[in-house]
Amino acid sequence: MGMVSFISTIPSLLTLPAPATTSPAISRYPIPSSKICCKIEADNDSEDQFGRRDILKCFGATIGMEIIASSSTFVKEANAADLIQRRQRSEFQSSIKNTLYTAIKENQYLIPSLLTLALNDVMTYDKPTKSGGPNGSIRFSEEINRPENKGLSAALFLLDDAKKEIDSYSKGGPVSYADLIQLAASVAESNVCERRRMLLFAFGIWELLTQFASFNAAQSALKSTFLASAIRKCGGNEEKGNLLYTAYGSNGQWGLFDRQFGRSDAPDVDPKGRVPQWEKASVQEMKDKFTATGFGPRQLAVMSAFLGPDQLATEALLAADPAVAPWVTKYQRSRETVSETDYQVDLITALTKMSSLGQQIDYEAYTYPVQRVDLSKLKL
């Protein structure tokens, strides 16, 4: 039996300098004293004995383990803090969505206005100067009263009331209008999608519905059908099938949008003349505006619900353009399915990109220090 062995004798590669008043002997980040060993073995009968690749792998593993060992305390502390912040942001965002969902459910006639409000806040973005964009500037009276924003004040008032409630329970500071406006659009679109699904379910799958005691039972059966299909596509692997079912389609894709949470509010209005009056604009003018912000006919078609109160009328107009028509047809067909996969995935992808134009996302926004428990004061 042959054997090659490496023992790490190099100093830690991640040692951190101690403060000037502290001697190396009492460094705040001590170097672990334990040794790390890597060993490979081979039979004497083997023709190749030890290959260079085997030796290099062993040597690399030894150094890698040394790095991990010397930095483990630092990494654990960093990961713990990061996980706490992620949880805080996630919980706060969920609470915001619940508040918005309730408000929108009671005022569903404002859904088209909420969608246009979000789009018009985005479309002030100027690519050459990288100014404007989804920065909440539309909240100012000077901007909301511009011709292109006619009829959107009621949607903004709804968000004003929601913001008061949200700020009352926020532990990490007030929510920005920039975040609130974009989140409201995502909740509104999800609401519309669910209503379409219910209609499709009621009229297109009535036979399935009658086989079960309740709507929820039938909906659960339908979900099981989709999940089973996903598992079959993954060769029967349930874990991969569940991942595919969650990640592909309308529900899982919102995770990409949700990460863009931490937009800053503009201190003043954005310049005039950047947003078209969608109900008066020609298809060419719409295409030009989308092109100027980095998008094309595909995104114009999928954002049709954001361009005015009557999506079907807007799509009829867009369908007259040969560059946009194929996308309009594709998304109309997709919306006739229960999953709406093509439409939802492309819509969420476009909205995710649009909702961060010109923004530097603060990924620590809405986090707050966790109160430490003084164990010495606990009574046992």
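Here the structure is shown first, and the text comes after it.
Small disclaimer: the values here were computed from a predicted structure and weren't measured. (Residues numbered from 1 in each chain as written. Predicted model: local features only at pLDDT ≥ 70, side-chain atom pairs only at ≥ 80, totals over all residues. Heavy atoms only, no water.)

**Student:** Would you mind going over the overall build of the protein chain in detail, with residue names and values included?
**Tutor:** Secondary structure assignment for the protein chain yields 14 helices and two strands. Out of the 380 residues belonging to the protein chain, those deemed buried represent 40%. Partitioning the contacts of the protein chain with sequence separation of at least 6, the portion at a separation of at least 24 is 73%. (Helix = DSSP H or I, 4+ residues; strand = E, 2+ residues; numbered from the N terminus. Buried < 20%, exposed > 50% of the residue type's maximum accessible area, 1.4 Å probe, protein only. Contact = heavy atoms within 4.5 Å.)

**Student:** Any chance you could break down helix α12 (residues 311-318) for me, citing the residues and the numbers?
**Tutor:** Within α12, the full set of buried residues consists of Gln311, Thr314, Glu315 and Leu318. One side of α12 carries all its buried residues, which in axial view fall inside an arc of 95°. Turned more than 90 degrees from where α12 packs its buried face, Leu312 and Ala316 sit exposed. The N-capping residue of α12, defined by a side-chain oxygen 3.2 Å from the backbone nitrogen of Leu312, is Asp310. (Arc of directions from axis to C-beta. Polar contact = N/O pair within 3.5 Å; in protein donor to acceptor, adjacent residues only side chain to side chain.)

**Student:** Run through the pattern of salt bridges, naming residues and quoting values.
**Tutor:** Enumeration over the complete set of coordinates arrives at seven salt bridges. For Lys97, the salt bridge is made with Asp258, and the minimal N-O distance between the two is 2.8 Å. Of the two residues, Lys97 is situated in helix α1 (residues 52-105) and Asp258 in helix α9 (residues 254-258); the sequence distance between them amounts to 161 residues. Here Arg298 and Asp346 are joined by a salt bridge, their closest N and O atoms 2.9 Å apart. One end of the pair, Arg298, is in helix α11 (residues 297-302); the other, Asp346, is in helix α14 (residues 341-354), and 48 residues separate them in sequence. (Salt bridge = Lys/Arg side-chain N within 4 Å of Asp/Glu carboxyl O.)

**Student:** Break down unusual backbone geometry for me, with residues and values.
**Tutor:** A negative phi angle is the norm for most residues apart from glycine, just as the trans form is the norm for most peptide bonds. The backbone phi angle of Lys130 is positive, close to 55°, even though this residue is not glycine. Examined against the element boundaries, Lys130 turns out to sit in the loop between α2 (111-122) and α3 (141-144). For Lys130, a relative accessible area of 59% gives the class exposed. For Tyr366, which is not a glycine, the phi torsion comes out positive at approximately 70°.

**Student:** Quick one: what's the story with the packing of aromatic side chains, residue by residue and with numbers?
**Tutor:** For the coordinates displayed, the defined rule picks out seven aromatic pairs. An angle of 40° between the planes, with centres 6.3 Å apart, marks the rings of Phe92 and Phe261 as tilted. Here Phe92 is found in helix α1, whereas its partner Phe261 is found in the loop between α9 and α10 (283-292), with 169 residues between them in sequence. Assigned by exposure class, Phe92 and Phe261 land together as buried. Measuring from ring centre to ring centre gives 5.1 Å for Phe92 and Tyr366, while their planes differ by 50°; the resulting arrangement is tilted. Remark: Tyr366 occurs in the segment after α14 and Phe92 occurs in helix α1; sequence separation between them is 274 residues. (Phe/Tyr/Trp six-rings, centres within 6.5 Å; stacked < 30°, edge-to-face > 60°.)

**Student:** Explain the side chain of Gln260 to me, using residue names and the numbers behind them.
**Tutor:** Looking at where Gln260 falls in the secondary structure, it is placed in the loop between α9 and α10. On the basis of relative accessible area, Gln260 is assigned to the buried category, the value being 17%.

**Student:** Mind laying out α2, listing which residues take part and the relevant values?
**Tutor:** Compared with the 16 Å implied by 1.5 Å per residue over twelve residues, the 17 Å span of α2 between its first and last C-alpha is a close match. For α2, a buried count of eleven out of twelve residues is recorded, marking the element as mostly surrounded by other parts of the structure. (Expected span 1.5 Å × (residues − 1).)

**Student:** Talk me through the packing of helix α13 (residues 325-335) against α14; I want residue IDs and the actual numbers.
**Tutor:** Two numbers describe how α13 lies on α14: the axes approach to 6 Å, and their chain directions differ by 120°. When the axis of α13 is compared with that of α14, the two are oblique. Together, Lys330, Tyr331, Ser334 and Arg335 of α13 and Thr341, Asp342, Tyr343 and Asp346 of α14 make up the contact between the two elements. Class assignment of the residues belonging to the contact of α13 with α14 gives a composition of two nonpolar, two polar and four charged. (Axes fitted to C-alpha atoms, helices over the stretch in contact; angles between N-to-C directions. Parallel < 35°, antiparallel > 145°, perpendicular 65-115°, else oblique. Nonpolar A, V, L, I, M, F, W, Y, C, P; charged D, E, K, R; others polar.)

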